[in-house]
Amino acid sequence: MGDEPTLFGKYTLLEVLGEGAMARVYRAIRSGPMGFQKEVALKLIHPEISSREKGLRALINEARMGGLLRHRNVVEIYEFDQVGDSFYIAMELVRGWTLAEVIRRSAVVGPLPPRIVTEIAAQVCEGLDHAHRAVDPEGEPLRLVHRDLKPTNVMLSEDGVVKLADFGIARAATNVYRTSQGVTKGTPVYMSPEQVRGKALDHRSDLFSLASMVTELVTGRVVFQDIKIYKVLQQVSRADTTDVLDAVGTAMPELVPVLKRSFARLPAERSRDARTLGREFEDLHEVLPGRERLRDWLPTFMGDADRDSLTVEARPPDDWEDWASSRISISLGGLDDEDDETASVSLVSPPAEGDAGQARAPRPDFSAPSPAPPPLSLSLSLFFLSP
């Protein structure tokens, strides 16, 4: 599509906001009777994906889960439909930035103030708590787990509202399409130990992922990283966070006890739920020095960013040997008597950044970068085999 507006059913497609392996997202206008208009982000699944059952399942799942959520800290889903053979999701258009862009910006201009870190974390907890407590139209608990909480799936609006996006692989008790037992999905560097091990998940898995993001906000580094993916998975499986928590202790010591609980390898040792964790961040926010507020601080922090200053070196590096492999086997056993497994991992090339799950509107003063995929960020499936 060029610069000219294009009609698509009841929508007018204005410009491309992002594109991934599954879909392309447009800024669009929905028109109705008597001059009604509404600006939306329209996620249009690629035709070749629509013809594949798995691709269509992910879109349907995102629409179903998102359509049941109504909260200021969750990107709202307005509609799921099709025009001809093309399926689409119409969603809230967020004017602002992804958390990934904020993290990259901090590498250029300096670390985030502690009060901003806790305010972002507390708002993410509010969105998670709403999702985790959501019920279906009959009032039955969804028991929803996001499963892919990461900086590119967290949006920060210009007025300081943090929003969770992309529930495409979310797991719920009422999913029409269920992931097979022993198969896990997500982005390895932000997974929980039980997720990489193919265990049953509950809401506390998302709390571990949130701890990874908050730690990255403070330190500027991905918590679990290596040039070999099997080493990343082993780090996550063991909840190996000693070094990064030491770095957090240097920059923001008040945060260490909260993160240490959230990084517990066993879910039972983490905070009880997102609401409880959110209160911990709020209590910490109240006692930290400073007067920064996200809605005032964010536009100033991001407003003069430019593409060149935010460009980062492409990763994974060329010598990441696992990248060329279609399948590798790793050992995740030895942590306790019940865990003695071998995981056979299928690697899938990640989509380019500017994930089509994002519903961000462009800003006049800031052009988002389009670097290579984030460090060691990819989607995969783990099939656990008998040893």
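Residues numbered from 1 in each chain as written. Predicted model: local features only at pLDDT ≥ 70, side-chain atom pairs only at ≥ 80, totals over all residues. Heavy atoms only, no water.

**Here we look at helix α8 (residues 242-251)**
For the α-helix, the turn length of 3.6 residues means that residues three or four positions removed from each other point alike. The criterion, for reference: Relative accessibility decides the category of a residue: with a 1.4 Å probe and only protein chains considered, values under 20% of the type maximum give buried, values over 50% give exposed, and everything between is partly exposed. For helices the rule is a DSSP run of H or I covering at least 4 residues; for strands it is a run of E covering at least 2, with both sets numbered from the N terminus onward. In this context, the arc is that of the directions from the helix axis out to the C-beta atoms. Residues count as neighbours in contact if any of their non-hydrogen atoms are within 4.5 Å of one another.
Of all the residues in α8, the buried ones are V244, L245 and V248. Taken end-on, α8 shows its buried residues confined to a sector of 100 degrees, consistent with a single buried face. For α8, the exposed residues set more than 90 degrees away from the buried face come down to T242, D243 and T250. On the buried face of α8, the contacting elements are α6 (204-219) and α9 (256-262).

**Here we look at the sheet that holds strand β5 (residues 77-83)**
We count it as follows: DSSP-based pairing: two strands are paired if at least 2 bridges between them are found. In this description, a line fitted to the C-alpha atoms serves as the axis of each element, helices being fitted only across the stretch in contact, and the angle between N-to-C directions of two axes falls anywhere from 0 to 180 degrees.
Overall, antiparallel pairing links the six strands, which are arranged β1-β2-β3-β4-β6-β5 in an open sheet. Strands with a single pairing partner mark the edges of an open sheet, and in this sheet they are β1 (6-8) and β5. Recorded for the sheet is a direction-independent mean angle of 40 degrees between the axes of neighbouring strands. Across four bridges, strand β4 (residues 37-45) lies against strand β6 (residues 86-91) in antiparallel orientation. Bridging across to β6, L44 finds its partner in Y88.

**Here we look at the packing of aromatic side chains**
Here is the rule we go by: Planes of paired rings set the category: under 30 degrees apart is stacked, over 60 is edge-to-face and the rest tilted, where pairs are Phe, Tyr or Trp rings (Trp by its six-membered ring) whose centres lie within 6.5 Å.
In total, this model carries seven aromatic pairs according to the counting rule given. Seen from their ring centres, F224 and F263 are 6.4 Å apart, and the 90 degrees between their planes marks the pair as edge-to-face. On the criterion of sequence distance, the pair formed by F224 in the loop between α6 and α7 (229-237) and F263 in the loop between α9 and α10 (274-287) is long-range, its members being 39 residues apart. By the burial criterion, F224 is buried, and F263 matches it. Arranged with centres 4.4 Å apart and planes meeting at 20 degrees, the rings of W297 and F301 form a pair that is stacked. Within this pair, W297 and its partner F301 are both found in helix α11 (residues 294-303), separated by four residues, close to a single helical turn. F301 matches W297 in its accessibility class, with the two residues each being buried. A network of ring pairs unites the aromatic residues F8, Y11 and Y88 as a single cluster.

**Observations regarding the pairing of strand β7 (residues 94-98)**
If a strand is regular, its side chains alternate between the two faces of the sheet. Counted residue by residue, β7 has four buried out of five residues, so it is predominantly covered. Looking at chain direction, β7 and strand β8 (residues 154-157) are connected through three bridges and run antiparallel. Among the inter-strand pairings, T98 is bridged to a residue of β8, identified as M155.

**Details of the side chain of T12**
Along the chain, the position of T12 falls in strand β2 (residues 11-19). Excluding its chain neighbours within four sequence positions, the residues that come into contact with T12 are P5, T6, L7, R27, A28 and I29.

All we've got here are geometric facts, nothing functional implied.
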